[in-house]
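Each chain, letter by letter, is given below.
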Amino acid sequence: MWKFVLKRLLALIPVLFGVTLLVFLILSFAPGDPARTILGAEATEEQINHLREEMGLNDNVFVQYARYIIKGVSGDLGTSYKTRLPVVTEIVSRFPYTLRLVVVGMIIAIIIALPLGVIAGVKQNSLFDRLSMVLSLLGISLPTFWVGLLCILLFSVTLGWLPSGGNDSLKDMILPTLTISLCSLAGIARTTRSSMLEVIRADYIRTARGKGISQAKVVIRHALQNAMIPTLTVAGLQICNMIAGTVLVENIFSWPGIGRLLVTSIQERDIPLVLGCIIVFTICFTIINLVVDILYGVIDPRIKAQYKK
Amino acid sequence: MQNKKRYRGQSQVYQIWYRFRHNKSAMLGLVIISLLILIAVFADVLFSYDGIAIKQNIMERLQAPSAAHPMGTDDYGRDILARVVHGSRISLGIGFGGVAIALFGGTIIGAIAGFYGGKVDMVVMRVTDIFMAIPNILMAMIIVAVAGTSAVTIAISLGIAAIPTFTRVARGAVLTVREMEYIESARAIGAKNSTIISKHILPNCFAPLLVQTTLSMAIIILSVSGLSYLGMGIKAPIPEWGSMLSASRAYLQGNSYMAIFPGLAIMLTILALNLLGDGLRDASDPKLK
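Keep in mind the model is a prediction, meaning the values are calculated, not measured.

Next up on the list: the overall build of chain A. Secondary structure summary: chain A contains 13 helices and zero strands in total. N-terminal to C-terminal, the α/β element order of chain A is α-α-α-α-α-α-α-α-α-α-α-α-α. Looking at the 309 residues of chain A, the share that counts as buried comes to 49%. Put simply, 70% of the contacts in chain A that link residues at least 6 apart link residues at least 24 apart. Within the structure as shown, chain A displays about 15,500 Å² of accessible surface, and the carbon and sulfur contribution to it stands at 66%. Taken as two groups, the 28 positive and 19 negative side-chain charges of chain A have centres that lie 20 Å from each other.

So this is what it looks like as structure tokens:
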């Protein structure tokens, strides 16, 4: 098991190299001169050139990348062009916000989606099933940022119950997490339902019922556990989508996380900060995929046996 | 049983269409998307672009929906209905353009990787992994930051960002088809590799690629509006659903209709594509039903 985890974490290294190289290369074509941005409009040509030399901007792109990697390996991801603070400091101060948003959003999504999908699957073609499936189809078709806008419109502007921005109290968190969980919730509910439909008619379910096991136990222990694999796959994908979605949601609710940091740093061509945010995202995605794979093993002993090889 | 008899011996496309036609929600998706395409094509007939969709009229700014302006007017007095109608051109245009790039690029790369296997496959898949590690919308943001925010560059960036997904789908499909006996027989009669790929393998990978096309188009259209919402996509005065929603933020108090209709347009488009995609998936793989 540990060997499997270690192998997967090692596989992250070439991906990180590739991702940073790719972004580095694309952004090297970005218009504008970082040195000019830092010094402002009044700087002389000489000052700019001096700073460019100092920052190594006059070197070949690949030389710059190599320097970035050498420093990066020792934990130094450079300094932001705009704030002149180390990228690591910027990210460390912002990451907890994104983490909170995504974790709470995911918990809400799973708590609502699982029962919804299970009940809809067990009671196929009932009113509950149809209603929840129409709603979840609408849910996966909604653009996240529109949901956010409508939430603000309803709960902040019209009803005045909740703030539309800020990050101090628990109240500030309600709308962003609600928004970010909605689309994922719908996707997870749909998958849970369809995988429940596949197992609920299996022979072993009939056998379990025949033995006189209660409905609840049949559904949870016998059906759900076997239906969990596709649900887990989709849940993993949805968390990744959520993290990517933070670029939109954090902007709508002025939430000071990595997503918003990434958008502003792309807009300001703050290349070290862009790279830093992308690295964090990539690491997050890898960890999520790894956790999903480990959970496969927890749910299904057959998969666990494969990991041991 | 009877159904089976009716399409036995027909082509794969006919079989998919036969099953698709009997799926009500899939047909609904097809009807909606066809209507949207018609609206996009005839947008100029419905509302003049220069005369209505981008024409500012301060006298009529921020009017609530009425008979003259069924969806109201925006902060520059432009008719929102006309802008929503013209916005369909941008969204569907970029959607089709982007997905065409992704389908073309991804299919070729995936087919080559799947067909030749070995080192070629390994290299392609590692590069794909790297691209897949960056979410579509972020990839597009980075490319747009460098290449600019015209509709064409956005279509190209989102298309490039979606290539890896198609590469994977095409590769997976090719890997299963490759082992079929008819490929072996094609090879036995001396067909060239390029002929085998284009004539025998790709047509049989048609179904999964078609499903992915509708789903990716939904993702691309969502990304276009998302980018524009963030101010990194299509810029005003060009009517685009995402940037219209972005503009509505300042007027939520009192002029909420501005935030409703462009969002409904996005939702309807995505819903139709999802229905279409689900329907195609069920129709191409009857075992799933």
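Here the narrative resumes.
All names here are of chain A. What the rule picks out here adds up to zero disulfides over all chains. A disulfide-free cysteine, C183 has its sulfur positioned 10 Å from the sulfur of C151, the nearest such atom. Left without a disulfide partner, C277 is nearest to the cysteine sulfur of C284, which lies 11 Å away. C277 sits in the buried class, given a relative accessible area of 0%.

Since one α-helical turn is 3.6 residues long, residues separated by three or four positions face the same way. In a regular helix each residue adds 1.5 Å, so 15 residues correspond to 21 Å; helix α7 (residues 118–132) of chain B covers 21 Å between its end C-alpha atoms and thus fits that length. For α7 of chain B, every residue scored as buried is listed here: D121, V124, M125, T128 and I130 of chain B. Looking at the packing, one finds that the buried side of α7 of chain B touches α1 (2–28) of chain A together with α6 (80–116) and α9 (151–178) of chain B.

Turning next to the domain arrangement of chain A. Its domain assignment divides chain A into domain 1 (2–73) and domain 2 (94–267). Computed over C-alpha atoms only, the centres of domain 1 of chain A and domain 2 of chain A are separated by 37 Å.

To continue, consider the pattern of salt bridges. Using the criterion set out here, one finds 10 salt bridges over all chains in the structure. Residue E268 of chain A pairs with K82 of chain A through a salt bridge whose shortest N-O separation is 3.5 Å. Here E268 of chain A is found in the loop between α11 (258–267) and α12 (271–299), whereas its partner K82 of chain A is found in the loop between α4 (61–73) and α5 (87–122), with 186 residues between them in sequence. Across the pair D278 of chain B and R190 of chain A runs a salt bridge whose closest N-O atoms are separated by 2.5 Å. Here D278 of chain B, found in helix α14 (residues 257–284), pairs with R190 of chain A, found in helix α8 (residues 170–200), and the two come from separate chains. Residue classification places D278 of chain B among the buried residues on the basis of a relative accessible area of 17%. What emerges from the salt-bridge pattern is a single network uniting R190 of chain A together with D278 and R281 of chain B.

Quick notes on the rules
Residues numbered from 1 in each chain as written. Chains lettered and ligands numbered in written order. Predicted model: local features only at pLDDT ≥ 70, side-chain atom pairs only at ≥ 80, totals over all residues. Heavy atoms only, no water. Helix = DSSP H or I, 4+ residues; strand = E, 2+ residues; numbered from the N terminus. Buried < 20%, exposed > 50% of the residue type's maximum accessible area, 1.4 Å probe, protein only. Contact = heavy atoms within 4.5 Å. Areas by Shrake-Rupley, 256 points an atom, 1.4 Å probe, with all protein chains shown as cover. Lys, Arg positive; Asp, Glu negative; His and termini not counted. Charge placed at Lys NZ, Arg CZ, Asp CG, Glu CD. Disulfide = S-S within 2.5 Å. Expected span 1.5 Å × (residues − 1). Domains from an automatic or database assignment. Salt bridge = Lys/Arg side-chain N within 4 Å of Asp/Glu carboxyl O.

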